[in-house]
Amino acid sequence: MCGIVGYLGKKQAAPLLLDGLKRLEYRGYDSAGICVLTPQGDLDIVRVVGKIAGLEERLRARPLEGSVALGHSRWATHGRPSEENAHPHTDCKGGVVLVHNGIIENYQELKEGLLKRKHKFRSETDTEVLAHLFEEEISRGNGASETAVVSSVRRVLKQLRGAYSLVVMSKKWGRQIIGIRKDCPLVVGLGAGESLLASDIPALLPFTKNVVFIEDNEIVLLREGRRPVIFNGSGKAVNRPSQEVPWDPLMAEKGGYKHFMHKEIFEGPRSFEDTLRARSYEENLEALLAEAAIRRQEIMRLRRVTILACGTAYHAGMIGEYLFEQWAKLPARAEIASEFRYASRSIEPGTLTVAISQSGETADTIAAMKLCRKTSASVTMGIVNQIGSTLTRQTRGTLYTRCGPEIGVASTKAFVAQLAALYLLVLGIARVRGAIAPVQFKEITRELCEIPNKLRWVLQETEPRVMALAQEFQQAKGFLYLGRHLLYPVALEGALKLKEISYIHAEGYAAGEMKHGPIALIDSEMPVFCLAPRSSLIYEKMRSNMEEARARGARIIAVVTKGDRSLDKIAHQTIVTPVLKHEEFEPVLAAAVTQLFAYHVARLKGLDVDQPRNLAKSVTVE
Ligand code: AGP
C-alpha cells in the first residue's frame, strides 16, 4: 500500500522522484520522504507527514542535491502517520537508508535483539528495524563489490518474515542502489543512462516504457552506467528480458478531468473494448484459452468454479457466478477471499479457481489463491489488471483486463473490464463444453461487442440527470440500493461506491429480502436506488418492490430500460439505459449509472474523490 521509488543516473534525482511519488500517491498518502546520496557521499533526507504536496514545499525550501536517491509515500501499517514514522528510515549512524512497502511480521523479535546490541530507535515502525539490520550486515561485509553487497543483503533477508519490497542505499556502497522483492511489487525502469525502481508502473512512465519485473525473493542491483543485475533467491545472477509497457504517461494523467475517478468512469467503454480485443470471436477462442492457460480437456472435466476476490472485484465475481451457471451450466461460487481462507472448504478435483483483482497485490486474494494452489485439484487463473503483479505469478494463466493504470482508489473501469473478461471466459468455456451452440455463441458475442458503445451512450446521455440527482441527494443520511439476480451484485457495488467516496452510509440489498427487515428503514429520508431494467426476468418483482418502498414514502431513483414508462409514476426519477437482448449484460450499464452517481455526490460534497480517507488503492496487508 505504499509507493516506493529509486533513481540512479546523471540527473538531479529529487525532482524526478517527487514526480514519481505523485504518480504513486494513490498507493498511500499519509506521509512521504526522499533521500539522496550527495556528491560528497553523504545521505541527505527530507520527510513530511501528510501528502506529497508537503514534501514538494519542503524540497522547494531546501533542495536536495544528488543523482542517486530513493523515495516513499506511505499508507501506515505500523506506527501512526508522523514525521518520525515517515520513510526513508536510517540506522543509528545514518550510514544506511531505505524505504519499504509491506509488513515485517517478526520485527518485534528482531528489534529486541537489536536493542540488546545497543541500537537506538527513533520510530515505531517495522521498517526502521531493517535499517539497523542492514547496518550490521554491511559493517560485517567487506567493501562495495557486487558480491559483498549481495551477500550482506542476503544475510539480512534470511532474518526476515513477512512481505516487503525494499529500496536500500548505503554510504559504503557509493553510487549503487539495491531493490528487493518478496510478496510486494517492484519493477525496474530502464532509461537512457539511468535506471529506476518503483512499486508501480505509473512512476516510471515519464522516463521509460521499458521495464523489468522483479520476482519474489529476488534482489536487483542498480549500478553506474550498466544494466541492472537481478539475483535470484540463491544469489545467482539471472537474465530477464525487459518488457514494453503499453501505457503512456498521459494515461496516468487526468486528461482534463477534475478527478481520476471521473476520467476512469469514462474510460470504462474503452477498457471493455480493449479487454475484448482479439479475444471475443470463435477464431480467437484458442488464443483466449491459451492466455487463461486452460486446456480443452480440462474444460470438459470441469465440475465447478470458485471465484476469489475482494471488494469491487468480488462484486464482479458474483456476476461471474451467475454467468457460469447460466451460460456454461457449471456450478459456481464467488467467495470473499478473506472469508474463504478460513472456511473449511475442500478444493475438489475438477475445480476452476479464478482470482479477480485489479492490482494483483491484494493480500487476501493472493493468500486464498495460494491455498487453492496447494491442491492439484484446481486449475487456477487470474483476471488481473496490473501487469506483472504478484497474483499473475500465483496462477497458471492470466486474462489481463486491459484498462491501463486505475489511479482513483474507487475502482470503476477495472470493474467494467473485469466483467468483460468474465464474459469472454464464460462464453469460451460454455462454447467448448457445448453448453451454448455456435449460433447462440455468435449471437451473444455480437451483442457483447456492442456493449462499449451502449456504455458510451449511458455515460453521455444520463450524466446530466445523474448530476441533478446528486445535487438533490448529496445530503442524504443513508441510501438503500436494491437489485435482484444479476443486478443484486450491482446493488452491492453501487452502495460500496457511494459509501467509500462520499462517506454516506449506503447498503446494497437483494430486493426480495427488503420485506424481511430493511423495509423498516424506509421513509421519506431514506432514498432508494432501484435497478429495474426491463429485460431482466425479475422485472415484475422489482416493480412490486418499488411500490412497497414508494408506499412508505421513499424517493426512488430507478434505472430502467429506454422506452419503459410504466415505472415513471412509482419512481421519483428514472434513468434510462439502452434496450438489450441479453439480460446478462445489464450489470455493465446499470453499474455505470451508480458509478456516476457516487462520483457526483462526492464531488459536490467537496471530498477527496481520488484519495478517500482511510483507504488505499491496493490492500497488500491482511
Ligand atoms: C473498490 O472501489 C475498492 N477500492 C476495493 O473494494 C477494491 O475493489 C478491493 O480492495 C480489491 O482490490 P483489487 O481489485 O486490487 O484486488
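A quick note: this is a predicted structure, and the numbers were derived from the prediction, not measured.

A.B. asks: Go over the overall build of the chain with me, naming the residues and quoting the values.
C.D. replies: Scanning the chain from terminus to terminus reveals 18 helices and 25 strands. In terms of C-alpha radius of gyration, the chain reaches 26 Å, essentially the compact-globule figure of 25 Å for 622 residues. Considering the chain as a whole, with its 622 residues, one finds that 63% of them fall into the buried category. A fraction of 72% describes how many contacts in the chain between residues 6 or more apart in sequence connect residues 24 or more apart. Entry remark: accessible area of the chain is about 22,700 Å², with carbon and sulfur atoms responsible for 51%. Between the averaged position of the 83 positive side-chain charges in the chain and that of its 71 negative side-chain charges there is a distance of 3 Å.

A.B. asks: Pulling in residues and values, what's your account of the site of the ligand?
C.D. replies: In the vicinity of the ligand there are 14 residues, among which S357, Q358, S359, T362 and E500 approach most closely. Take T312: an N or O atom from its main chain is 3.1 Å from an oxygen atom of the ligand. Measuring from an oxygen atom of the ligand, one finds a side-chain N or O atom of T362 at 2.5 Å. Here the residues of the shell around the ligand sort into five nonpolar, seven polar and two charged.

A.B. asks: Kindly report on the packing of aromatic side chains, identifying the contributing residues and their values.
C.D. replies: Taken as a whole and judged by the stated rule, the model has 10 aromatic pairs. Ring geometry for F473 against F479: centres 5.7 Å apart, planes inclined by 65°, an arrangement best described as edge-to-face. This pair shows no difference in class: F473 is buried, exactly as F479 is. For the pair F479 and Y481, a centre-to-centre distance of 5.8 Å together with 45° between the ring planes defines the contact as tilted. The burial state of F479 is the same as that of Y481; both residues are buried. In textbook terms, an aromatic cluster arises when at least three aromatic residues are bridged by ring pairs, as seen for F473, F479, Y481, F529 and F597. Lying over the aromatic face of F121, K111 brings its terminal NZ or CZ to 4.8 Å of the ring centre. The ring of Y503 has R613 sitting right over it, with the charged end atom 3.8 Å from the ring centre.

A.B. asks: With reference to specific residues and values, describe the pattern of salt bridges.
C.D. replies: In the structure shown here, the tally under the stated rule is 36 salt bridges. Note that K11 is salt-bridged to E194, the shortest N-O span being 2.9 Å. Linking K11 in the loop between β1 (3-8) and α1 (13-23) with E194 in the loop between β9 (187-190) and β10 (195-198), this pair joins segments that are 183 residues apart in sequence. Residue classification places E194 among the buried residues on the basis of a relative accessible area of 6%. Across the salt bridge formed by R223 and E146, the nearest N and O atoms sit 2.7 Å from each other. Separated by 77 residues along the polypeptide, R223 in strand β12 (residues 218-223) and E146 in helix α5 (residues 146-157) bring together distant segments of the chain. For E146, a relative accessible area of 30% corresponds to the partly exposed category.

A.B. asks: Describe the state of the cysteines, naming the residues involved and giving the relevant values.
C.D. replies: A covalent bond between the sulfur atoms of two cysteines is what we call a disulfide. With the rule as written, the count across this model stands at zero disulfides. A disulfide-free cysteine, C92 has its sulfur positioned 16 Å from the sulfur of C35, the nearest such atom.

A.B. asks: Please provide a residue-by-residue account of the sheet that holds strand β25 (residues 573-577), values included.
C.D. replies: Reading across from one edge, β22-β21-β23-β24-β25 is the order of the five strands in this open sheet, with parallel pairing throughout. The open sheet terminates on both sides in strands that have one partner only, identified here as β22 (505-510) and β25. For this sheet, the mean inter-axis angle between neighbouring strands, taken without regard to orientation, is 20°. Where helix α17 (residues 539-551) meets the sheet, its contacts fall on β21 (478-483), β23 (528-531) and β24 (556-561), and the angle it forms with β24 comes to roughly 160°.

A.B. asks: Describe α17, listing the residues and the values that go with them.
C.D. replies: With 13 residues, α17 should reach 18 Å at 1.5 Å per residue; the first-to-last C-alpha distance of 18 Å fits that figure. Of all the positions in α17, only Y539, M542, N545, M546 and A549 are classed as buried. Along the axis of α17, the buried residues cluster in a sector spanning 115°; they form a single face. Turned more than 90 degrees away from the buried face of α17 sit K541 and A551, all of them exposed. Among the structural elements, β21, β23 and β24 are those in contact with the buried residues of α17. Once α17 finishes, G553 follows within two positions and takes phi at roughly 90°, a positive value.

A.B. asks: Before we move on, could you go through the packing of helix α3 (residues 107-116) against helix α4 (residues 127-140) and cite the residues and values that matter?
C.D. replies: Their axes nearest at 10 Å, the elements α3 and α4 cross at an angle of 50°. By the angle between their axes, α3 is oblique relative to α4. Where α3 crosses over α4, the handedness of that crossing is left-handed. For the pair α3 and α4, contact is made by Y107, L110, K111 and L114 and by V129, H132, L133 and E136, respectively. Of the residues belonging to the contact of α3 with α4, the class tally is five nonpolar, one polar and two charged.

A.B. asks: Talk me through the packing of helix α14 (residues 413-432) against helix α15 (residues 438-473); I want residue IDs and the actual numbers.
C.D. replies: Put simply, α14 and α15 touch, their axes get as near as 11 Å, and they point 175° apart. Relative to α15, α14 is oriented roughly antiparallel. Judged by residue contacts, V416, Y423, L424, L427, G428 and R431 of α14 engage P438, F441, I444, T445, L448 and L455 from α15. Looking at side-chain class alone, the contact of α14 with α15 contains nine nonpolar, two polar and one charged residues.

A.B. asks: So, the sheet that holds strand β2 (residues 31-37): which residues are in play, and what are the values?
C.D. replies: Taken in spatial order, the eight strands make up an open sheet running β3-β2-β4-β1-β10-β9-β11-β15, and their pairing is antiparallel. The open sheet has two free edges, formed respectively by β3 (43-49) and β15 (243-244), since each of these has just one partner strand. Helix-sheet contacts for helix α2 (residues 52-61) involve β2, β3 and β4 (68-74), and the interaxial angle to β3 is about 135°.

About the criteria used
Residues numbered from 1 in each chain as written. Predicted model: local features only at pLDDT ≥ 70, side-chain atom pairs only at ≥ 80, totals over all residues. Heavy atoms only, no water. Helix = DSSP H or I, 4+ residues; strand = E, 2+ residues; numbered from the N terminus. Rg over C-alpha atoms; globule rule 2.2 N^0.38 Å. Buried < 20%, exposed > 50% of the residue type's maximum accessible area, 1.4 Å probe, protein only. Contact = heavy atoms within 4.5 Å. Areas by Shrake-Rupley, 256 points an atom, 1.4 Å probe, with all protein chains shown as cover. Lys, Arg positive; Asp, Glu negative; His and termini not counted. Charge placed at Lys NZ, Arg CZ, Asp CG, Glu CD. Near = heavy atom within 4 Å. Polar contact = N/O pair within 3.5 Å; in protein donor to acceptor, adjacent residues only side chain to side chain. Nonpolar A, V, L, I, M, F, W, Y, C, P; charged D, E, K, R; others polar. Phe/Tyr/Trp six-rings, centres within 6.5 Å; stacked < 30°, edge-to-face > 60°. Lys NZ or Arg CZ within 6 Å of the ring centre and 35° of its normal. Salt bridge = Lys/Arg side-chain N within 4 Å of Asp/Glu carboxyl O. Disulfide = S-S within 2.5 Å. Pairing = 2+ DSSP bridges. Axes fitted to C-alpha atoms, helices over the stretch in contact; angles between N-to-C directions. Expected span 1.5 Å × (residues − 1). Arc of directions from axis to C-beta. Parallel < 35°, antiparallel > 145°, perpendicular 65-115°, else oblique. Left-handed = near helix turned anticlockwise from the far one by under 90°.

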